[in-house]
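# Per-entry structural report
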Amino acid sequence: DDLEVQIVIMGGWLLDAVNRKSNGEPPAGLRPDLTERIGALQLRAQVAREVLANLQHIEGVVDAFARDAAKPPTLPELQPYLRQMRGALAVLGFPGAAEAISVCEKLILEPDDNVDWIAEALSSVAFFLEPCRHGRNPQEEAIALFFRRYHKRNAPAAPAALTAQLAA
C-alpha cells in the first residue's frame, strides 16, 4: 500500500548518499523489513571489509615466509586470525569460504609443502568477498574453483601423450 512513499524515501536517501549527505543510517519512515535488509547488507559489507583487511595481513606474512623459509616459523602465529575469520564467515552464512579458511588452518601446521595452497585459498576467499564490500552477493565461483583444484592436488599427472592428445 505504501510503495510510492517507500520509493520517495529510498530515492531521497540515495540522493543524499550521492551528494555525500548521508550518514549511512536508513531514513526515518522506511518499512522495518527494508530497514532490516539494509542493516544486514551493511553488516555484511563491514565484516567483509574487516576480513579482507585480515586477509591482506595474513597474505603478507605468508609471502614473507615463502620468500625466506629460513625465517623462524611465523605461520602458526596466524591461527587466531584465521579462527576469527572462519567464525565471521560462518556467522554470515558463507560455509564454503569458512571451509577454505579451515583448510588454511590445517595447512599452516606444515607450511613448507603447502604455501602455494595457503596463498590460493586466501586469494579465493578475497575474490569471494570483494563484491560484498559493495553490497553485492559474493563470488561463489572463486571458492568452488579453489576446492575443485584442491581436491585434485594429489591426483597423478596425466601422461604427456594423453595431454598432447587432449590439447589437439
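As shown above, the structure is provided for reference.
The structure contained in this document is the topic of the report that follows. The structure displayed is predicted, hence computed values, not measured ones.

Thresholds applied
Residues numbered from 1 in each chain as written. Predicted model: local features only at pLDDT ≥ 70, side-chain atom pairs only at ≥ 80, totals over all residues. Heavy atoms only, no water. Salt bridge = Lys/Arg side-chain N within 4 Å of Asp/Glu carboxyl O. Helix = DSSP H or I, 4+ residues; strand = E, 2+ residues; numbered from the N terminus. Buried < 20%, exposed > 50% of the residue type's maximum accessible area, 1.4 Å probe, protein only.

This part takes up the pattern of salt bridges. A side chain with one charge can pair with a side chain of the opposite charge if their charged atoms come near. Within the structure shown, the criterion is met by seven salt bridges. A salt bridge links Asp63 to Arg67; the shortest N-O distance between them is 2.9 Å. Within this pair, Asp63 and its partner Arg67 are both found in helix α2 (residues 32–67), separated by four residues, close to a single helical turn. Judged by relative accessible area, which is 36%, Asp63 ranks as partly exposed. One salt bridge connects Arg86 with Glu105, and the closest N-O pair in it is separated by 2.4 Å. Remark: Glu105 occurs in helix α4 (residues 95–107) and Arg86 occurs in helix α3 (residues 79–91); sequence separation between them is 19 residues. We classify Arg86 as partly exposed; its relative accessible area is 28%. Counted as one network, the salt bridges with shared partners bring together Asp2, Arg31 and Asp33.

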